[in-house]
Amino acid sequence: MLNITNLSADYGGKPALKEINLTLDSGELLVVLGPSGCGKTTLTRLMNGLAPSYFKGSISGSICIDDRDITGMTAWEIGTIVGSVFQNPKSQFFSSELVGEVAFGCENHGFSREAIQERTDKSIETFSLSLIRKRPLDVLSSGEKQRVAIASVYAMRPKVFVCDEPTANLDLGGIEQLLGTLFKLKAQGYTLVIAEHRLSWLSELADRIIYMEKGRIVREYTPKEFTAMP
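Residues numbered from 1 in each chain as written. Predicted model: local features only at pLDDT ≥ 70, side-chain atom pairs only at ≥ 80, totals over all residues. Heavy atoms only, no water.

(A) Representation of the sheet that holds strand β10 (residues 216–221). Taken in spatial order, the six strands line up as β6-β7-β8-β3-β9-β10 in an open sheet, and their pairing is mixed. Single-partner strands in this sheet number two, and they are β6 (82–85) and β10. The sheet shows a mean angle of 20 degrees between the axes of neighbouring strands, taken without regard to direction. Sheet analysis places strand β3 (residues 29–33) next to strand β8 (residues 191–195), joined by four bridges and oriented parallel. Note that in β8 the partner of V32 across the bridge is A195. Set on the sheet, helix α1 (residues 40–48) makes contact with β3, β6, β7 (160–164), β8 and β9 (208–213); between it and β7 the angle comes to about 150 degrees. (Pairing = 2+ DSSP bridges. Helix = DSSP H or I, 4+ residues; strand = E, 2+ residues; numbered from the N terminus. Axes fitted to C-alpha atoms, helices over the stretch in contact; angles between N-to-C directions. Contact = heavy atoms within 4.5 Å.)

This is the structure we're talking about:
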């Protein structure tokens, strides 16, 4: 489903990724681990098209989703097949209201009025946001904002969700809500890539775990192998 072949990248002449080779099956959840500066975020930015279109640099190799090489696609084209959820959901909001935010991506891609309404309502219902749908975004908790961010991506029906440290601003309650949300996505067959530092909450959800150092994948674990470590 997702194939990364000999992927290397640098920012301003400084190597960020070196010869990454990775394959994900449809519906698989991959966790990407490693110390700060190891290349986790760069990998997610290449998957969702933010690099090199926004974060300038040079890349070599390929990232293919369903045999389509996204390294040669425009950002808006990548956005139809790869959805992004950032550390701070406020950084990706374009609206001040919940319904408008969930609908925004569909509106931006020119979906019909009927399709926008149907997808927006379905996303709000799927992620248990109906009771707060009329509240402005700035009064929501961090966990609720994260669910809105995921709902707005879900409305687009991408093939892959890429999450860069999604628990960075969440308390325990927010993490539990996020875990339930990701379980729903996984049950529906979406492919998920999660770069994280906080790990315990992912042990029952992950299919595979990779560990990165200095821009390279240096180790791969099954969840059983990882939880058995001291």
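Let's pick the thread back up.
(B) Region of the structure containing unusual backbone geometry. Look at the link from A51 to P52: it is a cis peptide, with omega at 5 degrees. Mapped onto the elements, P52 comes out in helix α2 (residues 50–53). If you check the backbone angles, N6 has positive phi at about 50 degrees while not being a glycine. Summarising the element assignment, N6 is placed in strand β1 (residues 2–11). Here N6 falls in the partly exposed class, since its relative accessible area comes to 44%. One non-glycine residue with positive phi stands out, namely D67, at about 70 degrees. Topologically, D67 is positioned in the loop between β4 (58–65) and β5 (68–69). Using a relative accessible area of 75% as the deciding quantity, one classes D67 as exposed. (Buried < 20%, exposed > 50% of the residue type's maximum accessible area, 1.4 Å probe, protein only.)

(C) Summary view of the side chain of E144. Mapped onto the fold, E144 is located in helix α6 (residues 142–154). Side-chain polar atoms of E144 contact the backbone nitrogen of S141, separated by 2.9 Å. The contact partners of E144, leaving out residues within four places of it in the chain, are L129, I132, R135 and Q177. (Polar contact = N/O pair within 3.5 Å; in protein donor to acceptor, adjacent residues only side chain to side chain.)

(D) Representation of the nonpolar core. Counting 41 residues, the largest nonpolar core has L98, L129, V148, F161 and L185 as the members making the most contacts within it. Counting residues per element, this core draws most heavily on α6, at six residues. Ignoring any residue separated from it by four or fewer positions in sequence, one finds L129 in contact with L98, I124, E144, R147, V148 and A151. Counting residues in hydrophobic clusters, the runner-up holds 29 residues, among them L2, I4, I20 and L24. (Core = buried A, V, L, I, M, F, W, Y, C linked by side-chain atoms within 4.5 Å.)

(E) Region of interest: the pattern of salt bridges. Inspection of every chain in the model, using the stated rule, returns six salt bridges. Between R133 and D121 there is a salt bridge whose closest N-O contact spans 3.3 Å. One end of the pair, R133, is in the loop between α5 (113–126) and α6; the other, D121, is in helix α5, with twelve residues separating them in the sequence. For the salt bridge of D207 with K186, the shortest nitrogen-to-oxygen distance reads 3.2 Å. (Salt bridge = Lys/Arg side-chain N within 4 Å of Asp/Glu carboxyl O.)

(F) Quick peek at the packing of aromatic side chains. Under the defined criterion, the tally for this structure stands at six aromatic pairs. Look at Y221 and F226: their rings are 5.8 Å apart centre to centre, the planes differ by 70 degrees, and that puts the pair in the edge-to-face class. Here a set of aromatic residues connected by ring pairs shows up, and it is made of F127, Y154, F161 and Y190. Against the face of F55 rests R45, its NZ or CZ located 3.6 Å from the ring centre. Against the face of Y154 rests R157, its NZ or CZ located 4.6 Å from the ring centre. (Phe/Tyr/Trp six-rings, centres within 6.5 Å; stacked < 30°, edge-to-face > 60°. Lys NZ or Arg CZ within 6 Å of the ring centre and 35° of its normal.)

(G) Here's a closer look at the packing of helix α4 (residues 98–108) against α6. Contact pair α4 / α6: the axes reach a minimum separation of 7 Å and the direction vectors enclose 35 degrees. Where α4 crosses over α6, the handedness of that crossing is right-handed. Taking contact as the criterion, the partners of L98, E101 and V102 in α4 are, on α6, V148, A151 and S152. Split by residue class, the contact of α4 with α6 holds four nonpolar, one polar and one charged. (Left-handed = near helix turned anticlockwise from the far one by under 90°. Nonpolar A, V, L, I, M, F, W, Y, C, P; charged D, E, K, R; others polar.)

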